[in-house]
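# Structural features, examined
Residue-level listing of the chains:
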Amino acid sequence: MIRETHLNIGLVALLMAIPVWALIADEPFIITLMTRAVVFALAAVGLNIALGLGGLVSLGHAVFFGIGGYAMGILAHHAQTYTPLAEWPLLIEGTKSMPVIWLAAIIASTLAAVVIGILSLRTAGVYFIMITLAFGQMFFFFAISWSAYGGEDGLSIYVRNGFPGLNTLVPVHYFGLCLVILLAALFLNARLAKSPFGLALNAARQTPARVETVGLDPTRLKLVAFVISGAITGLAGALFADLNRFVSPTMFSWQLSGEIMIFVIIGGVGRLFGPVVGALVFVALEHLLGGLSDYWHIYLGILLLLIVLFGRGGLIGILCGRERVHD
Amino acid sequence: MTDPILKTHALTRYFGALKASDAVSVDLRPGEIHAIIGPNGAGKTTLIAQICGGITPSSGRVEFMGRDITGLTTRARSREGLGRTFQISALAMEDSVLQNAVLGALGASGRPWRFFGPALKDSVLRDQAEDALRRVGLHDHLHKRTAELSHGQRRQLEVAVALTLHPKAFVMDEPMAGLGSGGSKQLTSFLDGLRAEAPILLVEHDMDAVFALADRISVLVYGKVIATGTVDEIRANAEVQKAYLGEDT
């Protein structure tokens, strides 16, 4: 068995080493693939807070991913067409600045998560899954019918948005930016899991009656977890849209919600680096098997089956065993 | 006579046509252990859920520290100072013993909205939790996963979590359930000392423990209190013997 900390350090090293190799070997496409994996991992870090810590099986996280994507698409669209987003009550202009776009993505997905969370958390179990799925579908069809922003065709951005001091059009610059954000999110996630809030949330997942008996509100704990979760996935959506310079309703699709969940499950639900492992494996399979067959999801399905049947802690569980209860 | 800390006024609860609680009036005075006994299905757990929250009485009310708490949520009752232990352990099984006790301390602090510093390094929470674990004799198992504890140790942990709340009254639902005679004796002597800190409303099946501990006993049969009195009075009560004790001995 490998110590989980050692595995995590190895993973961070791998995330850094592959692009460096790709840079030397002049393989910019590999860097783009790695950026895709890192952004997917960030989206899954978000879901892992709701799913792993809070036990909330959300099949609607693409909502936040899509909101982040459209936050980038709409702001950049207005900037490149020189039209204001709104003129009343105050003038809001589009922007090509990533930090501003990220802030907008986080605020919009936070608001959506508050509303969806309050409504969904009135239910539990299979009903919770269905309500989150229903929200996902509502946003999906809304985006399709929203012709002002491309409707079914989505929105294209001519030039990737800018970040002060970096040339985001250089693949490795944009990769570095995304990696720093992923590592920051993982750091916050690690602190969160051990914090008083994390402890209470962990207990609320396992035994809500106990949490209530010590005077805390399990539903409110889960709601806050859901909102933090949605905000992180929303930020990932903005990065994803900027990576592709394109946003479309498929970012809201339930397949995407499923994929984010698959990243978490492949890597290991509730494990800090589970989303990273899951996203890396997914993107690797997509690239390697996708070249062989359009039906590569068959192999993904087999992998998922094997992991769920034989390794309940995902790949990290298989490699490192059960999570340790103390430091 | 001192005023009771906890008092129920004619609590009645129907489940359909079944009267699970029938005008139950019991009270808990400072410094005492008041035991509630009764055969299976007498409505003991229903009574506890009405006192601690979870089941709303069809009529009647619950008074705690002079305040009507009938309409309060479980959480609010806990914050008022009701310390409950569960009949079937409701612990976070994947977490360590220490984490479970820290959860209690965290609840008592009322400040769970801290997202950054490690909970186990918060000296206030940690001291409170370790203190409670030391008192019930679990301090050697701080970092053990709760699922790995023996049944008896889980019962001890249940009590420890209640201790971290520093409640003004304990409500314990069969704390001895499933304990061996050794464990049962140990817990009995612990509860004996605990009553000086806060009175205990004790629902219990273990008659040895009840007779050793209780200042007063109420006997619940078919949702109705048929007698309340000291150990000797209850032993001598003909109706109680017929309804309950007679079946066992």
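Residues numbered from 1 in each chain as written. Chains lettered and ligands numbered in written order. Predicted model: local features only at pLDDT ≥ 70, side-chain atom pairs only at ≥ 80, totals over all residues. Heavy atoms only, no water.

### Considerations on the interface of chain B and chain A
Of the residues lining the interface, 34 residues belong to chain B; the matching set on chain A comes to 33 residues. Taken together, both faces of the contact between chain B and chain A bury some 3,200 Å²; the carbon and sulfur share is 63%. The interface formed by chain B and chain A contains four salt bridges. In this structure, A:Arg205 and B:Glu94 form a salt bridge, with 2.8 Å as the shortest nitrogen-oxygen distance. (Contact = heavy atoms within 4.5 Å. Buried area = accessible area lost by both parts, 1.4 Å probe. Salt bridge = Lys/Arg side-chain N within 4 Å of Asp/Glu carboxyl O.)

### Section: the domain arrangement of chain B
All names here are of chain B. Each assigned domain of chain B is listed here: domain 1 (1-81 + 170-186 + 198-249) and domain 2 (94-166). In this structure, domain 1 and domain 2 have C-alpha centres spaced 27 Å apart. The partner domain 2 presents seven residues to the nine residues of domain 1 that form the contact. Contact with domain 2 buries area across many residues of domain 1, yet Phe170, Pro175 and Leu179 alone supply 47% of it, more than any other trio. (Domains from an automatic or database assignment.)

### Side note on unusual backbone geometry
Cis geometry marks the peptide bond from A:Trp88 to A:Pro89, where omega comes out at 5°. Looking at where A:Pro89 falls in the secondary structure, it is placed in the loop between helix H3 (62-81) and helix H4 (98-120). Even without a glycine there, the phi angle at A:Arg245 is positive, about 55°. If you trace the backbone, A:Arg245 turns up in the loop between helix H9 (218-244) and strand S2 (246-247). The backbone phi angle of B:His166 is positive, close to 45°, even though this residue is not glycine. By secondary structure assignment, the location of B:His166 is in the loop between helix H5 (151-164) and strand S8 (169-173). Classification of B:His166 as exposed rests on a relative accessible area of 53%. (Helix = DSSP H or I, 4+ residues; strand = E, 2+ residues; numbered from the N terminus. Buried < 20%, exposed > 50% of the residue type's maximum accessible area, 1.4 Å probe, protein only.)

### Overview of the sheet that holds S8(B)
All names here are of chain B. If you walk across this open sheet you meet the six strands as S7-S8-S9-S4-S10-S11, and the pairing is mixed. Of all strands in the sheet, those with a lone pairing partner are strand S7 (82-85) and strand S11 (224-229), marking the two edges. Sheet twist, expressed as the average angle between the axes of neighbouring strands with direction ignored, equals 15°. (Pairing = 2+ DSSP bridges. Axes fitted to C-alpha atoms, helices over the stretch in contact; angles between N-to-C directions.)

### Some thoughts on the pattern of salt bridges
All names here are of chain B. Going through the model one piece at a time under the given rule, you end up with 19 salt bridges over all chains. Residue Asp27 is joined to Arg216 by a salt bridge in which the shortest nitrogen-to-oxygen separation is 2.7 Å. Of this pair, Asp27 sits in strand S3 (residues 27-28) while Arg216 sits in strand S10 (residues 216-221), and the two are 189 residues apart along the sequence. A salt bridge links Glu32 to Arg216; its shortest N-O distance comes to 2.7 Å.

### A closer look at the layout of surface pockets
Residue and element names in this part refer to chain A. Estimates place the volume of the largest pocket at around 1,600 Å³. Lining the largest pocket are 49 residues, and of these Glu4, Lys194, Gly270, Glu323 and Arg324 lie nearest its centre. Looking at the lining of the largest pocket, the elements with two or more residues in it are helix H1 (4-24), helix H2 (28-53), helix H6 (171-194), helix H7 (196-206) and helix H13 (314-320). Split by residue class, the lining of the largest pocket holds 21 nonpolar, 13 polar and 15 charged. (1 Å grid on protein atoms, 1.4 Å probe; cavity = no way out; pocket = protein on both sides within 12 Å on 5 of 7 lines; lining within 4 Å. Points joined across faces, edges and corners; volume = space filled by probe spheres on them. Nonpolar A, V, L, I, M, F, W, Y, C, P; charged D, E, K, R; others polar.)

### Structural notes on the environment of A:Pro249
Residues and elements named next belong to chain A. Checked against the element boundaries, Pro249 lands in the loop between S2 and helix H10 (254-267). Exposure remark for Pro249: the relative accessible area of 3% places this residue in the buried category. Separated by 32 residues in sequence, Pro249 and Val281 place their C-alpha atoms 25 Å apart. Apart from residues no more than four positions distant in its own chain, Pro249 is found in contact with Tyr70, Phe140, Ala143, Ile144, Gly151, Glu152 and Gly154.

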